[in-house]
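Residue-level structural notes
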Amino acid sequence: MSELRAWGDALAAVAAGMAAMVAVAALGLWAAGAGALGADALAPVVAATVVSAVGGTVELSGGAGFLGRTDAGLAVVPLSVTLAGALALAVVFLLPMRHHAVASGAAFLGRAARTAVVWVVALLLVARAARHTFRIRLDEDILDELGAALGVTPTVGFRAATGPTVGYGLLWLLILLVVATAASRKTPLPSRLLRFQDSVRPAAFAVLALLLGYVVLGLLAGLVVAATRGHAGSTFAVLLLGLPNLAWMGLGTGLGGTWEGRVPDGIGLPMPQALAAVLRQGGQGTATVNLSSLSAQDGRAWLLALLAALALLATGFVTAVRSPAGTSPWRLAIRLAVTLALALLAIGLLTRISARYGLSLLGIGDLGDFGGEVTLDAQLLPLVGLGLLWGLVAGFLGGVLVGYLRRRGADAGAG
């Protein structure tokens, strides 16, 4: 009976995560206008979005009859979908463990293994559903007439690559369970890991709260934009598909981080106007996205630096408060620095964008002649270095402030 209940817990965790991702992806795509595709096309697009959200690979392909070929590529993680699934799965996975005072290593690994097995089955089903083919219109009358006459019908299709989807999806699940267990104070750890509890959990919880706090602030800002500036549909599409992408990029930029990318003219972007304007300045080259370039488009961009400073001070304070009394500020600084650097590394990797589509007829011209390319990549080494630097500062200041408050409290109690 207990074994059956354990499998039921694993099924519940995976079902909760998948349901959350499918719901958010479907709502986001519907807000973006994908409902016009019809149910037969929308369902595969939702499945492909879920595959991308867990790190899976969606392969794009195209053709234009025997006289031409198309070329397409897409690499982007819809982090709103990712975050919704991660929160739902982690909560349901950890909830039964909170009723136990201690946890054995074998029991924890057993729960994780059962969840992984159910997760693989779910990934296989979603990957199988993520495949479809669309016909592409060229928006040029002469080209459409030529295509109709010669049987040149440009198409682009997608399908999930099963092997990479399962492999990266399992890695995603493993990282999620490790992070969720590390950040949850009420979840018991196996005895062999108890020595890491005081050194890992406070900083992990504080940085996770920092990231979620930025998402909440971004959500509030998005709702204000939707209510006051119109275009509610496109705004909600961004919130439901890429809110953490923008919010966490704002955190990295506020700390001094840099992204590089380019966007051809004429391609609409679901992102703030200042960011889109900076990316379009690159022309055929690449544009640099940082506080300076953003503030040149919108002077309010410097508020990102102030917000990041205040948020980091709060993060250092929370780390110190949740750490055992007497922990030296330098220990707190090192722990927060490592945790923040890892978080910014993940942000840099997850916010990258690479998209390309083009068409070549009769072998004439570049595949980009009738398409374009969008790229966005973080400068990872400087971003990680900034995480180490600001983590040291925030952790040390938080330790000093909490130590001072605790001494004041002890003196007042003695008095």
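Residues numbered from 1 in each chain as written. Predicted model: local features only at pLDDT ≥ 70, side-chain atom pairs only at ≥ 80, totals over all residues. Heavy atoms only, no water.

A word on the overall build of the protein. Looking only at helices and strands, one finds 13 helices and 8 strands in the protein. Residue burial in the protein is summarised as follows: out of 415 residues, 44% are buried. The contacts in the protein between residues at least 6 apart in sequence include a share of 76% that link residues at least 24 apart. When the accessible surface of the protein is summed, it comes to about 20,800 Å², and 68% of that surface belongs to carbon and sulfur atoms. (Helix = DSSP H or I, 4+ residues; strand = E, 2+ residues; numbered from the N terminus. Buried < 20%, exposed > 50% of the residue type's maximum accessible area, 1.4 Å probe, protein only. Contact = heavy atoms within 4.5 Å. Areas by Shrake-Rupley, 256 points an atom, 1.4 Å probe, with all protein chains shown as cover.)

Within the secondary structure, P264 sits in the loop between β5 (259-262) and α9 (273-280). Sequence separation between P264 and L279 is 15 residues; the distance between their C-alpha atoms is 8.6 Å.

It is worth spelling out the environment of A13 at this point. Take A13: it is sitting in helix α1 (residues 2-31). For the pair A13 and F93, spaced 80 residues apart in the sequence, the C-alpha separation amounts to 5.3 Å. Filtering out sequence-adjacent residues up to four positions away, A13 remains in contact with L89, V92 and F93.

Our focus in this paragraph is the pairing of β5. Of the two faces of β5, only the one carrying W259 and G261 is buried; E260 and R262 on the other face are not. Here 3 bridges tie β5 to strand β6 (residues 287-289), and the two strands are oriented antiparallel to one another. Note on β6: the bridge partner recorded for G261 is A287. (Pairing = 2+ DSSP bridges.)

A few words now on the confidence of the model for the protein. Of the residues in the protein, 81% have a pLDDT of 70 or more, and the chain-wide mean is 83. Segment residues 64-68 is flagged for pLDDT under 50; beyond a separation of four residues in sequence, or across chains, it makes 17 contacts in the model. Per-residue pLDDT stays below 50 along residues 359-370; that stretch engages in 32 contacts with residues further than four places along the chain or on separate chains. (pLDDT = per-residue confidence, 0-100.)

Right, let's get into the packing of aromatic side chains. Scanning the model with the defined rule gives 3 aromatic pairs in all. Their ring planes at 85° and their centres at 6.4 Å tell us that F93 and F108 sit as a pair that is edge-to-face. Of this pair, F93 sits in helix α3 (residues 79-94) while F108 sits in helix α4 (residues 105-129), placing them 15 residues apart in sequence. Look at F93 and you get buried, because its relative accessible area is 1%. A ring pair is formed by W119 and W172, whose centres lie 5.3 Å apart and whose planes are at 15°; its orientation type is stacked. Note that W119 is positioned in helix α4 and W172 in helix α6 (residues 162-183), a separation of 53 residues in sequence. You'll find W119 and W172 in the same group, each marked buried. (Phe/Tyr/Trp six-rings, centres within 6.5 Å; stacked < 30°, edge-to-face > 60°.)

To continue, consider the nonpolar core. Residues M18, M21, L89, F93 and W119 are the most contacted members of the largest nonpolar core, which totals 46 residues. If you list the elements that add at least two residues to this core, you get α1, α2 (39-53), α3, α4, β4 (155-161) and α6. Leaving out residues up to four positions away in the same chain, F93 has contacts with A13, F108, R111, A112, T115 and L177. With 40 residues, the next largest nonpolar core counts V77, L83, A247 and V263 among its residues. (Core = buried A, V, L, I, M, F, W, Y, C linked by side-chain atoms within 4.5 Å.)

In an α-helix, one turn spans 3.6 residues; hence positions three or four apart end up facing the same way. With 23 residues, helix α8 (residues 232-254) extends only 27 Å from end C-alpha to end C-alpha; this falls clearly short of the ideal 33 Å at 1.5 Å per step. At G242, α8 is deflected by roughly 85°, the largest bend along its length, and proline P244 occurs up to four residues later in sequence. Taken across its 23 residues, α8 has 17 buried, putting it largely inside the fold. One or two residues past the end of α8 sits G256, with phi positive at roughly 105°. (Expected span 1.5 Å × (residues − 1). Bend = angle between axes of the 7 residues up to and from the residue.)

Turning to a nonpolar patch on the surface, a few remarks are in order. Together, W330, I334, V338, L342, L345, L349, L350, L388 and L392 give the surface a local cluster of nonpolar side chains, amounting to about 800 Å² of exposed area. Of all the secondary structure elements, the ones that give two or more residues to the nonpolar patch are α12 (329-350) and α13 (380-414). For the nonpolar patch, the element with the most residues is α12, which contributes 7 residues. Summarising the element assignment, L350 is placed in helix α12. Residue class for L350 comes out partly exposed when judged on its relative accessible area of 32%. (Patch = residues over 30% accessible without salt bridge, like charges linked within 9 Å, V, L, I, M, F, W, Y side chains within 5 Å. Salt bridge = Lys/Arg side-chain N within 4 Å of Asp/Glu carboxyl O.)

Let's shift gears to α1. Here α1 spans 43 Å end to end across 30 residues, near enough to the 44 Å set by a 1.5 Å rise per residue. The positive-phi residue at the C-terminal boundary of α1 is G33, with phi of around 100°.

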